[in-house]
Amino acid sequence: MVFIPWKIAWRNVLVYKNRSLVIGIIIFFGTLFMTIGNAIVRGARIGLEDNLANKRTGQITLVAGDEDSKNIFFTESISPLKTFPDYPTIKNILSSQDFVQGFVPMSRGYAMLITDEKIALLSDEIIEWAIFLLGVDFNNYQQVFENNMIAIEGSLLTKGEKGILLSEDTRKRIFDLYSIWVFPKGQSINYDNLPEEIKSLQNKITFKDELVLLGLSGMSLETDIRVPVKGIFRYKKMKEVGFESYIDIESFRECFGYFTSSNKIDTLSKEKMALFHSSGEDGLFQEDGVVVKIDTFSGRYDLAGLHNKIERDKSQIKTENGTFHFVSIKLAPTVSIKDGIRKLHIVLNKSNINVNILPWTQSVGSLSQMAALSQGVLLALVLFIFFVAAIIITNTLIMATLERTSEISMMRAIGAEKKIISFMIITEIAMLAAIVTCLGVISGVFIVLILKFLHIPTDSHYMWSLLFGGDFINPIIDVKGIGLGCLEIFIIIFLASLYPIWIAGKISPLESISRE
């Protein structure tokens, strides 16, 4: 009994060629778009994690336990983060974990650019005039994130060097806001890098190789510092997504009024203690007071030797002893983010360290949300196309079922049960769908390979880079993705055939007699 419905179903597929062709074309293009769409979305998600989390922010971020904000990178809030607790202890713990590939402590904040020509008032709109800074030991950062950026002008920061690295986007914003074109200190102006709309204004703009920055802490101001511009950089991957600039961690701390590595507690001498305990101003000038006679140096100072000593002292400063806001962690390649967070909870709880653990999708804030929204819209578009196709398939099957009323009622008259009729109809659509789905998947895989080969760029705007997870369209397809896509297609086709099956089941044997 099972063999006969199969034979009848196959005969009906061949007999009703026009109907089969219409349904087949719809299923084919639905499968084609589903295969390509799933591959693009999957490639975008993997690309975004690889280019953003693996090469820029880390998959996991640690912040202070009393920190409420989860938006660490790419934030528009000028409110400072809570200072990170006891980084040296955290460093010792993370260094001993085999699931951690690397980590780097960082700080972030907004700073105002002070110029002679223009300064923004302290208001809610100050964010539009501020520069987003990441304070970091740049040498450590580059080691962890595999030298993820290149200098298009000047050079990158070296160990112990002070200065700021501006992204191309930040330099352009500074020009738009202040009419200042920034170039690296000690370098000549590279006029070839001036945008076309700026080249005609060379005589009207100001060129600077140093910046005076004023740290912002909520709605208050901190300290202004002068820093040299070491270079203009861009990322190797997703170069259009670069709103932040990098400054050495010691300069960042000075700018925002934090504890620096060079700050230290001094042991007071006997004379200084006497100064603190003196009663009144007269006590300062007593015979046993703190004012003493000293011998002056009458020789010559070796300026070159003093300069070398200062430089040696700078290189010996341990930046880890100062203040940080958060720690970016890069996991070992074989460790998932979920497992990494679970293991971190275990080791940190054992040490009674109060920190919050954030996955990169939370720490990058609105950037991840924009990317997820863009990719969701793309996937929703594919599903919408197939949903429309499912409606067309349903209508086509209903019409085909009504046209075969006499045939179905005759089968019922000679003893065919409802389940046999239902099985026959669903077998027809399943056989047709299986053949056409295979053709659609094969065609989709072929087009995906062509897209990968063409290396279509998406770096014209940062939104395109976020949508496709990189600077090129890089769809990724695998057996799991193909299987999931086929399952989605068969579920939709099955649902589309339920109503036609129900109609066929309502046809009685008397239909054939009444029509005769």
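Everything discussed here concerns the structure shown above.
Colleague: Teacher, can you tell me more about the overall build of the chain here?
Modeller: For the chain, the helix and strand inventory stands at 17 helices and 12 strands. For the chain, the computed accessible surface area is about 27700 Å², with 59% contributed by carbon and sulfur atoms.

Colleague: Explanation requested: helix H10 (residues 337-350) in the structure shown.
Modeller: The end-to-end C-alpha separation of H10 is 20 Å, in line with the 20 Å expected for 14 residues at 1.5 Å each. Inspection of H10 places Ile337, Gly340, Ile341, Leu344, Val347 and Leu348 among the buried residues, and these make up the whole buried set. One side of H10 carries all its buried residues, which in axial view fall inside an arc of 135 degrees. Residues of H10 that are exposed and point more than 90 degrees away from the buried face comprise Lys338, Asn349 and Lys350. A positive phi of about 55 degrees marks asparagine 352, the residue just after H10.

Colleague: Honestly, helix H14 (residues 418-454) in this entry has me stumped. Any pointers?
Modeller: Side chains three or four residues apart in an α-helix point the same way, a direct result of the helix having 3.6 residues per turn. Here H14 is 37 residues long and its end C-alpha atoms lie 53 Å apart, about the 54 Å a rise of 1.5 Å per residue gives. Histidine 455 sits one or two residues past H14 and shows a positive phi near 55 degrees.

Colleague: Looking at this structure, I do not really get the packing of helix H2 (residues 17-57) against H14. What am I missing?
Modeller: In a pair of packed helices, the angle between the axes and the distance between the axes together describe the arrangement. Packing of H2 against H14 leaves a shortest axis separation of 7 Å and a crossing angle of 40 degrees. In terms of axis orientation, H2 runs oblique to H14. Crossing handedness for the pair H2 and H14: right-handed. Looking at the contact of H2 with H14, its residues break down into 16 nonpolar, eight polar and two charged.

Colleague: Can you help me understand the packing of aromatic side chains in this one?
Modeller: Where two aromatic rings form a pair, the distance of their centres and the angle of their planes describe that pair. Tallying each qualifying case throughout the model produces 16 aromatic pairs. On the numbers, 6.1 Å between centres and 75 degrees between planes, the contact of tyrosine 191 with phenylalanine 207 is edge-to-face. Taken together, the residues tyrosine 191 in the loop between strand E6 (180-182) and helix H6 (196-199) and phenylalanine 207 in strand E7 (residues 206-208) connect sequence positions 16 residues apart. Judged by relative accessible area, which is 38%, tyrosine 191 ranks as partly exposed. For phenylalanine 207, a relative accessible area of 24% corresponds to the partly exposed category. Here a set of aromatic residues connected by ring pairs shows up, and it is made of Phe138, Tyr141, Phe145, Phe233, Tyr235 and Tyr246. Seen from the ring of phenylalanine 324, arginine 253 lies directly overhead, with NZ or CZ sitting 4.6 Å from the centre.

Colleague: How should I be thinking about the pairing of strand E11 (residues 326-331) in this particular structure?
Modeller: Most of E11 sits inside the fold, with six of its six residues counted as buried. Where burial is concerned, the two faces of E11 agree: the one with Phe326, Ser328 and Lys330 and the one with Val327, Ile329 and Leu331 are both buried. Taken together, the four bridges between strand E1 (residues 60-64) and E11 define a ladder with antiparallel strand orientation. Each bridged residue has a counterpart across the sheet, and for isoleucine 60 the counterpart in E11 is isoleucine 329. Looking at chain direction, strand E2 (residues 100-114) and E11 are connected through six bridges and run antiparallel. Bridging across to E11, valine 100 finds its partner in leucine 331.

Colleague: How do you make sense of a nonpolar patch on the surface when you look at a structure like this?
Modeller: Side chains of Leu21, Ile25, Phe29, Phe33, Leu381, Phe384, Ile385, Phe387, Val388, Ile391 and Ile392 sit close together on the surface and give an oily, nonpolar patch of about 1000 Å² of accessible area. Among the elements that make up the nonpolar patch, the one with the highest residue count is helix H12 (residues 366-403) (seven residues). Residue placement: phenylalanine 387 occurs in helix H12.

Here is what the cut-offs are and how they apply
Residues numbered from 1 in each chain as written. Predicted model: local features only at pLDDT ≥ 70, side-chain atom pairs only at ≥ 80, totals over all residues. Heavy atoms only, no water. Helix = DSSP H or I, 4+ residues; strand = E, 2+ residues; numbered from the N terminus. Areas by Shrake-Rupley, 256 points an atom, 1.4 Å probe, with all protein chains shown as cover. Expected span 1.5 Å × (residues − 1). Buried < 20%, exposed > 50% of the residue type's maximum accessible area, 1.4 Å probe, protein only. Arc of directions from axis to C-beta. Axes fitted to C-alpha atoms, helices over the stretch in contact; angles between N-to-C directions. Parallel < 35°, antiparallel > 145°, perpendicular 65-115°, else oblique. Left-handed = near helix turned anticlockwise from the far one by under 90°. Nonpolar A, V, L, I, M, F, W, Y, C, P; charged D, E, K, R; others polar. Phe/Tyr/Trp six-rings, centres within 6.5 Å; stacked < 30°, edge-to-face > 60°. Lys NZ or Arg CZ within 6 Å of the ring centre and 35° of its normal. Pairing = 2+ DSSP bridges. Patch = residues over 30% accessible without salt bridge, like charges linked within 9 Å, V, L, I, M, F, W, Y side chains within 5 Å. Salt bridge = Lys/Arg side-chain N within 4 Å of Asp/Glu carboxyl O.

These figures capture arrangement, not role.
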